[in-house]
Amino acid sequence: MTNLDDPQPLHPGHPFDLAALRLFLQKNAPGIGEIQKVLQFPGGYSNLTYCLQTAERDYVLRRPPQGANIRSGHDMAREFRVLSLLRGHYAQVPEPILYCEDASILGAPFFLMERIPGHILRPSNVANLTHTPESMTQLSTALVDNLVSLHALNLETTGLLQLGRPEGYVERQVEGWTKRYRAAETDAIPAMNALIVWIADHLPVSSEPTLLHNDYKFDNVVFANMQVSGVLDWEMATVGDPLMDVGTMLAYWLQADDGPSAFYYNVTHLQGMLSRQQVADHYARQSGRYLSGIMFYYVFGLFKNAVIAQQIYARWKQGHSQDPRFGKLLPLILELAEKAERAIVTGRL
């Protein structure tokens with residue numbers, strides 16, 4: 001099985017103009033040295049991520065995929081700005097090096113950042129790591145503790161407040177993701193239609209706003225020495241209700257009793273990992289926030305993940321991607337919607 005954290009030869013469906021990039025970097029970032037080789041990280045269903053190797057060190061380049069709406073979840077300028085604001089206030093982010101808005105270089109805007117050493121806990125590499133139930137408890141607890149730390153950042157002293165409008169954030173998210181689903185809809189899915197109605201009818205009273213990563217999960221976190229050494233993929237970061245981040249994390253937190261997909265899409269089913277309820281309880285204790293309305297945030301997290309999968313599936317169906325993984329996402333969309341419905345009926349995370 002391919003290790004998604006080891007860069008691989010360039011994907012044939014993702015053309016890359018190395019000569020144009022070299023010329024651009026010679027003029028705008030000569031200090032990094034000459035790019036000797038470009039490889040591609042095979043993981044991820046969203047932005048394209050490359051490893052640029054020089055004689056001294058490795059760098060990471062990120063750009064949107066072909067056919068993506070750059071103003072939505074693929075805004076490279078925004079991600080670069082978030083990283084720049086966080087540097088000096090939060091150590092677990094890569095150093096941003098350079099942003100390029102000129103799409104003529106690589107076909108889309110892109111940015112360059114340092115590569116953080118460590119490992120990402122994924123199904124593809126967990127078998128190669130030394131892990132015990134005790135270490136899984138430690139890692140999952142560290143993941144939750146780090147989210148608490150992110151939510152404790154001062155929005156004003158860091159300048160992070162400029163990233164969004166916290167008032168009415170949840171309502172705008174519900175409206176926005178519903179519209180995204182309708183725009184990308186390819187098949188009639190009754191469970192998704194039912195979720196749209198339920199979510200709109202159960203809007204919560206929001207908590208005090210914080211920074212939101214908006215895609216917080218094991219796949220986007222680098223570990224070193226059993227602690228979080230880096231958090232990646234900040235393109236959707238904003239300011240709003242922190243429980244939206246908790247709901248997103250819970251929606252990704254698959255358990256062994258969730259069915260076969262739990263063993264494929266994540267590592268949270270492993271023995272020793274906190275359960276979803278334990279995650280919520282630990283976050284509540286460490287943050288001091290009440291999570292009595294957490295069901296809304298969990299259900300909305302599942303709905304949002306289903307919409308993201310639907311958008312990717314729609315791009316594949318429209319011919320904007322030849323990646324065979326994307327053509328197999330429809331069953332996952334159905335599974336996520338049905339899982340949300342079960343949570344509503346049972347009242348259990």
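Residues numbered from 1 in each chain as written. Predicted model: local features only at pLDDT ≥ 70, side-chain atom pairs only at ≥ 80, totals over all residues. Heavy atoms only, no water.

(A) A look at the nonpolar core. The biggest cluster of nonpolar side chains holds 90 residues, and the ones touching the most others in it are Leu-86, Met-192, Leu-211, Trp-234 and Phe-303. Each residue touching Met-192, except ones within four places of it in the same chain, is listed here: Tyr-181, Phe-303, Ala-306, Val-307 and Ala-337. Among the nonpolar cores identified, the runner-up in size contains 20 residues, and Phe-16, Leu-25, Leu-98 and Leu-106 belong to it. (Core = buried A, V, L, I, M, F, W, Y, C linked by side-chain atoms within 4.5 Å. Buried < 20%, exposed > 50% of the residue type's maximum accessible area, 1.4 Å probe, protein only. Contact = heavy atoms within 4.5 Å.)

(B) Spotlight on the environment of Pro-166. One can find Pro-166 in the loop between α5 (155–158) and α6 (169–184). For the pair Pro-166 and His-119, spaced 47 residues apart in sequence, the C-alpha to C-alpha distance is 33 Å. Setting aside anything within four residues of it in sequence, one finds Pro-166 in contact with Arg-172, Pro-209, Val-239 and Gly-240. (Helix = DSSP H or I, 4+ residues; strand = E, 2+ residues; numbered from the N terminus.)

(C) Structural view of the confidence of the model for the protein. Within the protein, residue pLDDT values average 90, and 93% of them lie at 70 or more. The least confident element of the protein is helix α9 (residues 262–265), whose mean pLDDT is 65; the most confident is helix α10 (residues 276–287), at 98. (pLDDT = per-residue confidence, 0-100.)

(D) Here's a closer look at the pattern of salt bridges. Evaluated as defined, the whole model comprises 14 salt bridges. A salt bridge links Arg-62 to Asp-233; its shortest N-O distance comes to 3.1 Å. With a gap of 171 residues between them, Arg-62 in strand β3 (residues 58–63) and Asp-233 in the loop between β8 (227–231) and β9 (238–240) connect regions that are remote in the sequence. Assigned by exposure class, Arg-62 and Asp-233 land together as buried. The partner of Lys-179 in a salt bridge is Glu-175, and the shortest N-O contact between them spans 3.1 Å. Highlighted residues: Lys-179 and Glu-175, both in helix α6, separated by four residues, approximately one helical turn. What makes Lys-179 exposed here is its relative accessible area of 53%. One continuous salt-bridge network, built from bridges that share partners, spans Arg-62, Glu-79, Asp-233 and Glu-235. (Salt bridge = Lys/Arg side-chain N within 4 Å of Asp/Glu carboxyl O.)

(E) Focus on the side chain of Asp-241. If you trace the backbone, Asp-241 turns up in the loop between β9 and α8 (243–252). In this structure, Asp-241 is buried with no salt-bridge partner, the nearest side chain bearing the opposite charge being Arg-289 at 6.7 Å. Side chain to side chain, Asp-241 and Ser-206 meet in a polar contact 3.4 Å long. Beyond its immediate chain neighbours, meaning those up to four positions away, Asp-241 contacts Tyr-169, Val-170, Ser-206, Ser-207, Leu-212 and Tyr-297. (Lys, Arg positive; Asp, Glu negative; His and termini not counted. Polar contact = N/O pair within 3.5 Å; in protein donor to acceptor, adjacent residues only side chain to side chain.)

(F) Quick peek at unusual backbone geometry. Positive phi, normally seen in glycine, also occurs at Asn-214, with a value near 80°. Relative to the helices and strands, Asn-214 is located in the loop between β6 (210–212) and β7 (221–224). For Asn-214, a relative accessible area of 7% corresponds to the buried category. In this model, Met-226 sits at a positive phi of 70°, which is unusual for a non-glycine residue.

(G) Summary view of the sheet that holds strand β2 (residues 48–53). Read from one edge to the other, the open sheet built from five strands follows the order β1-β2-β3-β5-β4, with strand pairing classed as antiparallel. At either margin of the open sheet sits one strand with a lone partner, and together these are β1 (37–40) and β4 (96–100). When the angles between neighbouring strand axes are averaged without regard to direction, this sheet yields 25°. Across the sheet, helix α1 (residues 18–28) touches β1, β2, β3, β4 and β5 (110–114), and the angle it forms with β4 is around 115°. Across the sheet, helix α2 (residues 76–86) is in contact with β3, β4 and β5; its angle to β4 comes to roughly 155°. (Pairing = 2+ DSSP bridges. Axes fitted to C-alpha atoms, helices over the stretch in contact; angles between N-to-C directions.)

(H) Up close: the layout of surface pockets. Counted as a void, the second largest pocket has a volume near 200 Å³. Lining the second largest pocket are Asp-257, Asp-258, Arg-276, Tyr-298, Lys-339, Arg-342, Ala-343, Thr-346, Arg-348 and Leu-349. Across the lining of the second largest pocket, the residue classes tally to three nonpolar, one polar and six charged. (1 Å grid on protein atoms, 1.4 Å probe; cavity = no way out; pocket = protein on both sides within 12 Å on 5 of 7 lines; lining within 4 Å. Points joined across faces, edges and corners; volume = space filled by probe spheres on them. Nonpolar A, V, L, I, M, F, W, Y, C, P; charged D, E, K, R; others polar.)

(I) Quick look at the packing of helix α7 (residues 190–201) against helix α12 (residues 330–346). Running from N to C, α7 and α12 point in directions that differ by 45°, and their axes come no closer than 9 Å. Between α7 and α12, the angle falls in the class oblique. Judged by the twist between their axes, the crossing of α7 over α12 is left-handed. Along the contact surface, α7 presents Ala-191, Met-192, Ala-194, Leu-195 and Trp-198, while α12 presents Ala-337, Glu-338, Ala-340, Glu-341 and Ile-344. Classifying every residue of the contact of α7 with α12 gives eight nonpolar, no polar and two charged. (Parallel < 35°, antiparallel > 145°, perpendicular 65-115°, else oblique. Left-handed = near helix turned anticlockwise from the far one by under 90°.)

(J) Up close: α7. For α7, spanning twelve residues, the distance from its first C-alpha to its last is 17 Å, which sits close to the expected 16 Å at 1.5 Å a residue. Every buried residue of α7 is accounted for by Ala-191, Met-192, Leu-195, Ile-196, Trp-198 and Ile-199. (Expected span 1.5 Å × (residues − 1).)

(K) Up close: the packing of aromatic side chains. Across all of its chains, the model carries twelve aromatic pairs by this definition. Ring geometry for Phe-300 versus Phe-303: centroids 6.2 Å apart, planes at 40°, classification tilted. Placement of both Phe-300 and Phe-303 in helix α11 (residues 294–317) is noted, with a separation of three residues, approximately one turn of the helix. Exposure remark for Phe-300: the relative accessible area of 3% places this residue in the buried category. One aromatic cluster is present, built from ring pairs that chain together Tyr-181, Phe-296, Tyr-297, Phe-300 and Phe-303. (Phe/Tyr/Trp six-rings, centres within 6.5 Å; stacked < 30°, edge-to-face > 60°.)

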